[in-house]
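Tertiary structure, described
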Number of protein chains: 2
Amino acid sequence: MPEPLRLGIAGLGTVGIGTVKILQRHAELLSRRAGRGLSVAAISARDRTKNRDADISCYEWEDDPVALARREDVDVYVELMGGADGPALAAIRAAIETGKDVVTANKALLAHHGQQLAEAAEAKGHVIRFEAAVAGGIPVVKALTEGLAGNEIRRVVGVMNGTCNYILTRMEESGLPYTDIFEEARQLGYLEADPELDVGGIDAGHKLSLLASIAFGTRVSFDAVDLEGIGRVSIDDIHRARDMGFRIKLLGVAQMTGRGLEQRMSPCLVPADSPLGQLQGGTNMVVLEGDSVGQVVLRGAGAGAGPTASAVMSDVIEIARGTRLSTFGQPAATLTEPTPARSSAPAPYYLRMGLTDKPGALAKVATVLGEEGISIDRMRQYGHADTSAPVLIVTHKTTREAVDHALRRLPATAVVLGDPVAIRIETV
Amino acid sequence: MPEPLRLGIAGLGTVGIGTVKILQRHAELLSRRAGRGLSVAAISARDRTKNRDADISCYEWEDDPVALARREDVDVYVELMGGADGPALAAIRAAIETGKDVVTANKALLAHHGQQLAEAAEAKGHVIRFEAAVAGGIPVVKALTEGLAGNEIRRVVGVMNGTCNYILTRMEESGLPYTDIFEEARQLGYLEADPELDVGGIDAGHKLSLLASIAFGTRVSFDAVDLEGIGRVSIDDIHRARDMGFRIKLLGVAQMTGRGLEQRMSPCLVPADSPLGQLQGGTNMVVLEGDSVGQVVLRGAGAGAGPTASAVMSDVIEIARGTRLSTFGQPAATLTEPTPARSSAPAPYYLRMGLTDKPGALAKVATVLGEEGISIDRMRQYGHADTSAPVLIVTHKTTREAVDHALRRLPATAVVLGDPVAIRIETV
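These numbers were taken from a predicted model, which means no experiment stands behind them.

**Digging into the overall build of chain A**
- When its secondary structure is counted, chain A shows 14 helices and 16 strands.
- Relative to the compact-globule value of 22 Å for 428 residues, chain A shows a C-alpha radius of gyration of 24 Å, a close match.
- Here the C-alpha coordinates of chain A stretch approximately 80 × 45 × 35 Å along the principal axes.
- A burial count over chain A gives 61% of its 428 residues as buried.
- Within chain A, counting contacts between residues at least 6 apart in sequence, those at least 24 apart form 73% of the total.

What follows is the structure in structure tokens.
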């Protein structure tokens, strides 16, 4: 059996300690599968004295992750600190410079610096693997890079932020508004230090941009992701959508179109009885569509110590087995620069608006929609106590452009009160 | 870029031609991802002159797959003929002898000879890969071997035969009995030449035994799979089960218990609104449970030219990239011989029986169940036109042993007409 593979683990939070625990619990099993032992050369974290849920006294310690990354007795630098820049970036650069392989769960860092880091690593014949960065324990990076490698990928769709899905699920369950459930999630420790990373869709957008790179052979272009968070999803829309047979999910979609690469992460309606619609709480789901394979759907825990550490370990074992994959499934230097495209694929839309309680009000709205070429699939008007009648419309397939046009024209009808809401309906 | 990887493809049925078509359609894409070209050195099939859905005139031809496997200009022998023995086995043996890597979709062959072939290949430093043998396009072999490699696997559960799922789905939809839908499936070409392979659960059992080997580090032991086909599933049970909120699926379960390895493939009831219950037609679903990752669910097309060829190509690309994995995720010589165990995990059961239309009949049945420690969760008695009243019982969790005991005692009550039916309920 070859020499053990020596890990340097930086970051001993939930995922780091989860990884240490797997290494300690399954040493024999892992070495049988990896074909060699896995050892921890040294570890690093911010606070050495912090009480942790694993015995780490047996490992050598480095205060500085960069020093850890440079150690000669480290074969694989495992970056689990997080942060798009700063020490995480400096340490990964040091690891690559000194000829280490890298395993990381850091989506933000790869979304911003993945191209440059992958090129640097590949120039030296070293690998960067990041299964844990996308959809927690679901092996979706491997599914796309390896399992579906024979396919031209048509589309990647998914719910990739468990915190947002938790908040939306809890809003529906409890009937409480966004701000209340946001606070609940914060108290449960589900939110990032900067909650906007979660609820603003940024974290999920990072993940989507990494998958899009593998799927379409393009450079990671997070800046081109059309981002909209869940902060404006109202409890009203959640209830109304449910009445019409839908649920609201923060949904990512990446697809290559004739006009370029479309990437968006935004609240969408999905049929309540569809696999995506039934996704509850912190679970993630990714749908991969290939020209030969059709749809492959993967579901699993999107976060948490065990699932994320499971993904970290899958990369470590991959390297221990001698597998050498390009970061994004083909040499980074061959990835092309994508042309960003706004969403052009037609879709049905959900429209909600308040109408003045006057004869002919609905007719005026219907006329505007008709003139914009938007045809109505279903409509529902609710009883009401004041002078505003809530109206829901599910349209047939139309374009975002037509919807935006119509929304801009509606105020002129003088029958619509407040801002109408339009949310895309995705049927996967 | 290294030299192209040279394939020898044996078998030009649906999957073989599907593979050729991907190679022809995506030559550039595949070589970008594989890091080298993929070429076809030669092909072989039973009938050279048959009209096929792809131009194969550009490839060299071998009448004998063994000769193809022995060719010096073949790097990877791709076995897509099928059959547990005969030419397929002879050719794979020849390929290994002459130092080729092997990619195959042949589950029957691996279920019977996988251990011996893997040992032979690994002794020579060559690999056998079989993603296409299990669950068509779903990359479940890779998910288990690689993605979940850091986990002690608790359980593998799945619907892995699309034809059986098609038959069961169509029976429910149409209300027609098994024999009618079996005939329909035969006419649609969904059945193997020997249909018992499908409807007897043998094909699905082959697949389960391969996944169990990877999951638990044990030698493939197909003979120990507790097999029951769908031939005895009645339209009555499908309807009654639906009334109680269930669907009947041919479900495979493999798990390591204190008493040994449990492997069974049999009709089970699953909640109709669960992911498994909602699986329609030819779709497959596999649920993998690991100690760290929890449940990972994979869903996709279980058969067909495109999906299966997609899986074949993923193995070919894996080899082209230089990845060298043991057939069953660890060296074949280190796999242990499993102790087969009969299912011991308690589960709820669905019982159906006809009772004589006399006072006290139900009380007698309830008494027997109670004496066997079986408690009733839900019961439903149907109206009836003759002297036999159909009764359905959903029990709380109990053992198969207790159920079997009770079934043996019921005739002595003289109130049960005909053979009672007992089907396990699985909640995944």
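**Comments concerning unusual backbone geometry**
- Unusually for a residue other than glycine, Ala414 of chain A sits at a positive phi of about 60 degrees.
- Assignment of secondary structure puts Ala414 of chain A in the loop between α14 (400–409) and β16 (416–424).
- You can call Ala414 of chain A exposed: its relative accessible area is 56%.
- Despite not being glycine, Ala135 of chain B shows a phi value in the positive range, around 60 degrees.
- Tracing the sequence through the fold places Ala135 of chain B in the loop between β6 (128–129) and α6 (140–147).
- Residue classification places Ala135 of chain B among the buried residues on the basis of a relative accessible area of 0%.

**A few points about the interface of chain A and chain B**
- Taken residue by residue, the interface counts 48 residues in chain A and 48 residues in chain B.
- Buried area between chain A and chain B, summed over both chains or domains, comes out near 3900 Å², and the portion from carbon and sulfur atoms is 46%.
- Taken as a group, Arg33, Arg299 and Arg321 of chain A account for 17% of the area that chain A buries against chain B, more than any other trio of residues on that side.
- On inspection of chain A and its partner chain B, the count reaches 2 salt bridges.
- The partner of Asp291 of chain B in a salt bridge is Arg25 of chain A, and the shortest N-O contact between them spans 3.3 Å.

**A word on the UniProt feature "binding site: L-homoserine" (unreviewed entry) in chain A**
All names here are of chain A.
- In this structure's numbering, the residues bearing the UniProt feature "binding site: L-homoserine" (unreviewed entry) are Glu192.
- Positionally, Glu192 belongs in the loop between α8 (178–187) and α9 (196–199).
- With relative accessibility at 34%, the residue Glu192 sits in the partly exposed group.
- Once residues lying within four places of it in the same chain are set aside, the contact partners of Glu192 are Leu197, Asp198 and Asp203.

**Quick look at the domain arrangement of chain A**
Residues and elements named next belong to chain A.
- Annotation of chain A at the domain level lists domain 1 (5–133), domain 2 (140–301) and domain 3 (349–424).
- Taking only C-alpha atoms into account, the centre of domain 2 sits 27 Å from that of domain 3.
- The partner domain 3 presents 11 residues to the 13 residues of domain 2 that form the contact.
- By the criterion of area lost to domain 3, the three top residues of domain 2 are Asp237, Arg240 and Met244, representing 52% of everything that side buries.
- Between the two partners, domain 2 and domain 3, sit 2 salt bridges.
- A salt bridge links Arg352 to Asp237; the nearest nitrogen and oxygen atoms lie 2.3 Å apart.
- Across the domain 2-domain 3 interface, the total number found is 7 residue pairs in polar contact (both at pLDDT 80 or more).
- Breaking the side of domain 2 that touches domain 3 down by element, the ones donating at least two residues are α11 (235–243), β9 (246–257) and β10 (260–271).
- Tallied by class, residues from the side of domain 2 that touches domain 3 come to 7 nonpolar, 1 polar and 5 charged.

**Re the sheet that holds strand β2 (residues 38–44) of chain B**
Residue and element names in this part refer to chain B.
- One open sheet accounts for 6 strands, arranged β3-β2-β1-β4-β5-β6; its pairing is parallel. Of all strands in the sheet, those with a lone pairing partner are β3 (60–62) and β6, marking the two edges.
- Examined bridge by bridge, β2 and β3 share 3 bridges and lie parallel to one another. Pairing of Ser44 across the sheet is with Glu62, part of β3.

**With respect to the relation of the copies chain A and chain B**
- Under the fitted operation, chain A is carried onto chain B by 0.0 Å of movement along the axis and a turn of 180 degrees, and the coordinates agree to an RMSD of 0.0 Å. Taken together, these values place the two copies in the relation of a two-fold axis.

**Some words on helix α5 (residues 107–123) of chain B**
All names here are of chain B.
- If you look at α5, its biggest bend is around 80 degrees, right at His113.
- Of the positions making up α5, those classed as buried are Lys107, Ala108, Leu109, Leu110, Ala111, His113, Gly114, Gln115, Leu117, Ala118 and Ala121.
- Turning to α5, the residues buried within the fold contact α4 (86–97), β5 (101–104), β6 and α10 (202–216).
- Sitting at the amino-terminal end of α5 is Asn106, which places a side-chain oxygen 3.4 Å from the backbone nitrogen of Ala108.

**Some thoughts on helix α1 (residues 14–25) of chain B**
All names here are of chain B.
- Here α1 contains 12 residues, and its C-alpha end-to-end distance of 16 Å stays within 8% of the 16 Å for a straight helix at 1.5 Å per residue.
- Burial in α1 covers these residues: Val15, Gly16, Ile17, Gly18, Thr19, Val20, Ile22 and Leu23.
- Of the surrounding secondary structure, the elements contacted by the buried residues of α1 are β1 (5–10), α2 (27–34), β2 and α12 (305–320).

**So, the pattern of salt bridges**
Residues and elements named next belong to chain A.
- Scanning all chains against the criterion turns up 68 salt bridges over all chains.
- One salt bridge in this structure joins Arg71 and Glu62, with 2.8 Å as the shortest N-O distance. Summarising the burial analysis for this pair, Arg71 and Glu62 share the class buried.

**Looking at the pairing of strand β4 (residues 76–79) of chain B**
Residue and element names in this part refer to chain B.
- The alternating pattern of β4 places Val76 and Val78 on one face and Tyr77 and Glu79 on the opposite face, and all of these are buried.
- Two elements, β1 and β4, share 4 bridges in a ladder whose sense is parallel. Bridge assignment links Leu7 to a residue of β4, and that residue is Val76.
- Of the strand pairs in this sheet, β4 and β5 are connected by 4 bridges, and their pairing is parallel. Its bridge partner being in β5, Glu79 is matched across the sheet by Thr104.
- Read as a crossover between parallel neighbours, the route from β4 over α4 to β5 is right-handed.

**Re the packing of aromatic side chains**
Residue and element names in this part refer to chain A.
- In the structure shown here, the tally under the stated rule is 6 aromatic pairs over all chains.
- Ring geometry for Tyr166 versus Tyr190: centroids 4.9 Å apart, planes at 85 degrees, classification edge-to-face. Of this pair, Tyr166 sits in helix α7 (residues 162–174) while Tyr190 sits in the loop between α8 and α9; the two residues are 24 residues apart in sequence, bridging distant segments of the chain.
- Judged by its relative accessible area of 13%, Tyr166 falls in the buried class.
- For Tyr190, a relative accessible area of 39% corresponds to the partly exposed category.

The rules behind the values
Residues numbered from 1 in each chain as written. Chains lettered and ligands numbered in written order. Predicted model: local features only at pLDDT ≥ 70, side-chain atom pairs only at ≥ 80, totals over all residues. Heavy atoms only, no water. Helix = DSSP H or I, 4+ residues; strand = E, 2+ residues; numbered from the N terminus. Rg over C-alpha atoms; globule rule 2.2 N^0.38 Å. Buried < 20%, exposed > 50% of the residue type's maximum accessible area, 1.4 Å probe, protein only. Contact = heavy atoms within 4.5 Å. Buried area = accessible area lost by both parts, 1.4 Å probe. Salt bridge = Lys/Arg side-chain N within 4 Å of Asp/Glu carboxyl O. UniProt positions renumbered as here; feature names shortened; annotations may be inferred. Domains from an automatic or database assignment. Polar contact = N/O pair within 3.5 Å; in protein donor to acceptor, adjacent residues only side chain to side chain. Nonpolar A, V, L, I, M, F, W, Y, C, P; charged D, E, K, R; others polar. Pairing = 2+ DSSP bridges. Least-squares fit on C-alpha atoms with pLDDT ≥ 70 in both. Bend = angle between axes of the 7 residues up to and from the residue. Expected span 1.5 Å × (residues − 1). Right-handed = clockwise from strand over helix to strand, strands pointing away. Phe/Tyr/Trp six-rings, centres within 6.5 Å; stacked < 30°, edge-to-face > 60°.

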